[in-house]
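Chain by chain, the residues run as shown.
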Amino acid sequence: MARFGTALQELRGAQKSAKGVSLYSRFVNRPAGRYLAAASHALGLTPNQVTLVSAAFSFAAIAAVALAAPSWGLGVAVWAALAVGFAFDSADGQLARLRGGGSAAGEWLDHVVDCAKLTALHTCVLIAFHRFPDAYGTSGDGWLLVPLGFQFASVVTFFGGLLTEKLKPRPAPGSPAAAPSTVRAVALLPVDYGVFCLVFLVLGGGALFRWAYAGLGAFAVLFLAAFLAKWFRELSAVPR
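Predicted model only: the values in this text are computed from it and were never measured.

**Description of the overall build of the chain**
(1) Moving on: Secondary structure summary: the chain contains 10 helices and 0 strands in total.
(2) Moving on: Across the chain, helices and strands are ordered from the amino to the carboxyl terminus as α-α-α-α-α-α-α-α-α-α.
(3) Moving on: Put simply, the chain has 240 residues, and 40% of those count as buried.
(4) Moving on: Sequence-distant contacts, at least 24 apart, represent 82% of the contacts inside the chain between residues at least 6 apart.
(5) Moving on: Taken as a whole, the chain presents about 12500 Å² of accessible surface, with 69% of it coming from carbon and sulfur.

**Digging into the nonpolar core**
(1) Moving on: One finds Leu 82, Tyr 193, Phe 196, Phe 200 and Phe 209 to be the most contacted residues of the largest nonpolar core, which totals 32 residues.
(2) Moving on: Here the element with the most residues in this core is helix H5 (residues 104–131); it accounts for 6 residues.
(3) Moving on: Residue contacts for Phe 200: discarding those within four places in its chain leaves Val 65, Gly 75, Val 76, Val 78, Trp 79, Leu 82, Leu 121, Val 125 and Phe 209.
(4) Moving on: Counting 11 residues, the second largest nonpolar core, distinct from the first, contains Phe 4, Ala 7, Phe 88 and Leu 95.

**Structural notes on a nonpolar patch on the surface**
(1) Moving on: On the surface, Phe 159, Leu 163 and Leu 167 cluster together into a nonpolar patch covering about 300 Å² of accessible area.
(2) Moving on: Position of Leu 163 relative to the elements: it lies in helix H7 (residues 145–167).

**Structural notes on the side chain of Ser 22**
(1) Moving on: Along the chain, Ser 22 falls in the loop between helix H1 (2–12) and helix H2 (23–43).
(2) Moving on: The exposure class assigned to Ser 22 is buried, which follows from its relative accessible area of 3%.
(3) Moving on: Once residues within four sequence positions are removed from consideration, Ser 22 is found in contact with Ala 185, Leu 188, Leu 189 and Asp 192.

**Some details on the pattern of salt bridges**
(1) Moving on: Evaluated as defined, the whole model comprises 5 salt bridges.
(2) Moving on: Its salt-bridge partner being Lys 117, residue Asp 114 comes within 3.6 Å of it at the nearest N-O pair. With Asp 114 and Lys 117 both in helix H5 and 3 residues apart, the pair spans about one turn of that helix.
(3) Moving on: What makes Lys 117 buried here is its relative accessible area of 5%.
(4) Moving on: Across the pair Lys 168 and Glu 234 runs a salt bridge, and its minimum N-O distance is 3.6 Å. With a gap of 66 residues between them, Lys 168 in the loop between H7 and helix H8 (182–187) and Glu 234 in helix H10 (residues 207–236) connect regions that are remote in the sequence.

**Observations concerning the environment of Pro 239**
(1) Moving on: Among the secondary structure elements, Pro 239 is positioned in the segment after H10.
(2) Moving on: A relative accessible area of 70% places Pro 239 in the exposed class.

**Details of the environment of Ala 218**
(1) Moving on: Relative to the helices and strands, Ala 218 resides in helix H10.
(2) Moving on: Sequence separation between Ala 218 and Pro 190 is 28 residues; the distance between their C-alpha atoms is 9.8 Å.

**As for the environment of Ala 207**
(1) Moving on: Of note, Ala 207 is situated in helix H10.
(2) Moving on: For Ala 207, a relative accessible area of 33% corresponds to the partly exposed category.
(3) Moving on: C-alpha separation for the pair Ala 207 and Gly 137, spaced 70 residues apart in sequence, amounts to 6.0 Å.
(4) Moving on: Excluding residues within four positions of it along the chain, Ala 207 makes contact with Ala 135 and Tyr 136.

**Details of helix H3 (residues 47–67)**
(1) Moving on: In a regular helix each residue adds 1.5 Å, so 21 residues correspond to 30 Å; H3 covers 30 Å between its end C-alpha atoms and thus fits that length.
(2) Moving on: The set of residues buried in H3 consists of Pro 47, Val 50, Thr 51, Ser 54, Ala 55, Ser 58, Ala 61, Ile 62, Val 65 and Ala 66. Each buried residue of H3 sits inside an arc of 140° when the element is viewed along its axis, so together they form one side.
(3) Moving on: The elements touched by buried residues of H3 are H2, helix H4 (72–98) and H5.

**Comments concerning the side chain of Ser 25**
(1) Moving on: Within the secondary structure, Ser 25 sits in helix H2.
(2) Moving on: Polar side-chain contacts of Ser 25 include one of 2.7 Å to the side chain of Asp 192.
(3) Moving on: Non-local contacts of Ser 25, meaning those with residues more than four positions away in its chain, are made with Arg 30, Pro 31, Phe 86 and Asp 192.

Parameters at a glance
Residues numbered from 1 in each chain as written. Predicted model: local features only at pLDDT ≥ 70, side-chain atom pairs only at ≥ 80, totals over all residues. Heavy atoms only, no water. Helix = DSSP H or I, 4+ residues; strand = E, 2+ residues; numbered from the N terminus. Buried < 20%, exposed > 50% of the residue type's maximum accessible area, 1.4 Å probe, protein only. Contact = heavy atoms within 4.5 Å. Areas by Shrake-Rupley, 256 points an atom, 1.4 Å probe, with all protein chains shown as cover. Core = buried A, V, L, I, M, F, W, Y, C linked by side-chain atoms within 4.5 Å. Patch = residues over 30% accessible without salt bridge, like charges linked within 9 Å, V, L, I, M, F, W, Y side chains within 5 Å. Salt bridge = Lys/Arg side-chain N within 4 Å of Asp/Glu carboxyl O. Expected span 1.5 Å × (residues − 1). Arc of directions from axis to C-beta. Polar contact = N/O pair within 3.5 Å; in protein donor to acceptor, adjacent residues only side chain to side chain.

This is the structure:
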């Protein structure tokens with residue numbers, strides 16, 4: 001217990017910048033990840049093991065979407081498993097910082113799992129729309145394009161954001177961190193993964209889930225266009 005408390009105290013002072021982070025990630029997911037990181041440290045887990053725990057929760061939920069008929073109970077279970085998996089996804093990085101820094105292999109594993117999670121989740125929604133058309137009201141083939149479009153926007157945004165961070169010059173050591181913007185934190189809520197997970201709470205609602213999912217997909221496409229323009233403009237200003 002003492003080890004948990006000490007780790008939790010150290011983690012409170014070792015958080016990443018909140019710039020470019022939505023309110024959900026800042027005030028819900030990161031704090032939850034902090035407690036999970038402290039508990040993982042007390043249990044002697046490594047960051048890579050925490051990443052695999054995150055993957056286990058996430059992929060169990062993802063598989064359930066494709067394999068089980070939709071219901072309200074299933075929706076709550078899927079949301080809970082996805083939310084816990086997302087919190088552990090925050091915990092692995094926090095645990096790595098607590099232990100003195102992560103490794104290249106650990107960062108690679110974390111990003112590969114994240115990309116696989118995004119791809120698999122929208123694929124399984126597509127499978128669910130195809131397997132249970134009466135429950136979701138997706139008998140028309142056009143609805144099967146929605147998960148494909150959502151998947152495209154999510155994966156390109158994920159890759160584009162990672163690549164932009166790698167190509168942008170790092171700030172000079174000792175330079176002050178930019179203050180987080182509350183307006184930006186609110187604006188990013190529709191494309192926050194944690195907010196997206198909430199849509200599965202209405203999985204048993206059939207058409208309600210279909211429209212809520214499609215609505216978030218539309219936001220993902222709009223934000224992708226905005227992000228791509230912003231990132232290209234920022235990188236165009238980087239001297240060669």
